[in-house]
Amino acid sequence: MQIALLQYPVAWADKAANLRFFGERLSEISGKADVAVLPEMFTTGFSTDHPELADPMDGEVVGSLMTWAHEYDLAIAGSFMCRVGDKLVNRGFFCKPDGSADWIDKRHLYAHGGEAAFFSPGKERVISEYKGVRFCLQVCYDLRFPVWVRNRTGYDYDILIYTAAWPEIRIGAWDILLRARAIENQCYLIGVNCVGDDGLGLHYSGHSVALDTRMQDLAGFADNEAATRIVDFNIPALQHFREVLPLWKDADPFELKEEWE
């Protein structure tokens, strides 16, 4: 399974520029990758001060994703600011060349930064299957909450993806938590962050990475590097590792509840 990680700046609140830029980057990997992963809110940046940029499901963003997936013959993952009725969500997507797609909404909202007052939280965890590989897509801040993504009985997924706009000021947590999620879920892991500066005074240094279950880097990026990396994920090797060391059998059972009691 060949997966492309696209670590690039996202133009602040400029949907047209971002659609043009990432469309060009995806065209460059046509025929070279099975899946491409984009940064969080790739069309706008994390610009919660511009609700007018939210796109409906029948809008330009989804239309572009579906067109790219079909024309370039690859699945595309990431997130965008989406309007659903009278609410806004940070909607993750896994769009496939055959015209099908899976959608997840960011579950955990960063209240300290005002995100919880802007977006509505997601309620479902979705597993996407493509070419016989199972993917669990999550969005940025979800990384801090391990229970939500725990690989359950017999393993729900093979590759865990985090699409993110994770600022440099907290990049140390990003580096450590990505490795923790790979270890505890016995999965391959992809974290794709953006680089550059946003309209709120925050800097993003990237640190996108692909990891195996032993915390070994399959791909990494230099600080602030704008680039695409294509990584070969050996799924039979992952399955063998799980058979030899089936840690899920020793895990504690638990039940997720919708709200705090």
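The coordinates are above.
Residues numbered from 1 in each chain as written. Predicted model: local features only at pLDDT ≥ 70, side-chain atom pairs only at ≥ 80, totals over all residues. Heavy atoms only, no water.

### Examining the pattern of salt bridges
Between side chains of opposite charge, pairing is possible as soon as their charged atoms come close. We count it as follows: In the sections that follow, a salt bridge refers to a side-chain nitrogen of Lys or Arg positioned within 4 Å of a carboxyl oxygen of Asp or Glu. Helix and strand assignments come from DSSP, with helices taken as H or I runs of at least 4 residues and strands as E runs of at least 2, each series counted from the N terminus. Three exposure classes are used, based on accessible area relative to the maximum for each residue type with a 1.4 Å probe and protein chains only: buried under 20%, partly exposed in between, and exposed over 50%.
Counting across every chain of the model gives 15 salt bridges. Among the ionic pairs, Arg-25 bridges to Glu-28, the shortest N-O distance being 2.7 Å. In this pair, Arg-25 and Glu-28 both sit in helix α1 (residues 15-28), three residues apart, roughly one turn of the helix. Under the relative-accessibility criterion, Arg-25 is labelled buried at 13%. Note on Glu-28: relative accessible area 41%, which makes it partly exposed.

### Side note on the sheet that holds strand β7 (residues 133-139)
For clarity, the threshold we go by: One bridge is not enough; two strands pair if DSSP finds at least two bridges between them. Lines are fitted to the C-alpha atoms to define the axes, a helix being fitted only along its stretch in contact, and any angle between axes, read from their N-to-C directions, falls within 0 to 180 degrees.
Spatial strand order, β6-β7-β8-β9-β12-β13: six strands in an open sheet with mixed pairing. Each having just a single partner strand, β6 (127-130) and β13 (217-220) make up the two edges of the open sheet. For this sheet, the mean inter-axis angle between neighbouring strands, taken without regard to orientation, is 20 degrees. Note that strand β9 (residues 188-192) and strand β12 (residues 209-211) share three bridges and pair antiparallel.

### Here's the deal with unusual backbone geometry
In this model, Asp-73 sits at a positive phi of 55 degrees, which is unusual for a non-glycine residue. Positionally, Asp-73 belongs in the loop between α2 (60-72) and β3 (75-84). Of note in this structure, Gln-186 is not a glycine but carries a positive phi near 45 degrees. Among the residues examined, Gln-186 registers a relative accessible area of 2% and is labelled buried.

### As for the packing of α1 against α2
Defined as follows: Roughly parallel refers to an angle under 35 degrees, roughly antiparallel to one over 145, roughly perpendicular to one between 65 and 115, and oblique to any angle outside these ranges. Between two residues, a contact is recorded if the distance between any of their heavy atoms is within 4.5 Å. Throughout this entry, Asp, Glu, Lys and Arg are counted as charged residues, while Ala, Val, Leu, Ile, Met, Phe, Trp, Tyr, Cys and Pro are counted as nonpolar. The remaining residues, Gly among them, count as polar.
Interhelical geometry of α1 versus α2 gives an angle of 10 degrees and a closest axis separation of 11 Å. The angle between α1 and α2 falls in the class roughly parallel. For the pair α1 and α2, contact is made by Lys-15, Leu-19, Gly-23, Leu-26 and Ser-27 and by Glu-60, Val-61, Ser-64, Trp-68 and Tyr-72, respectively. Counted by class, the contact of α1 with α2 contains five nonpolar, three polar and two charged residues.

### Side note on the environment of Pro-39
Tracing the backbone through its elements, the reader meets Pro-39 in the loop between β2 (35-37) and α2. A sequence separation of 29 residues divides Pro-39 from Val-10, and the C-alpha atoms of the two residues are 8.1 Å apart.

### Considerations on the sheet that holds strand β14 (residues 227-232)
In spatial order, the strands read β5-β4-β3-β2-β1-β14; together these six strands make up an open sheet with mixed pairing. The outermost strands of the open sheet, each flanked by one partner alone, are β5 (101-105) and β14. For this sheet, the mean angle separating the axes of adjacent strands, direction not counted, is 30 degrees. In terms of strand pairing, β2 meets β3 through three bridges, oriented parallel. Within the sheet, the bridge partner assigned to Val-37 lies in β3 and is Ala-77. In the packing of α2 onto the sheet, the strands contacted are β3, β4 (87-95) and β5, and the crossing angle to β3 comes to about 165 degrees.

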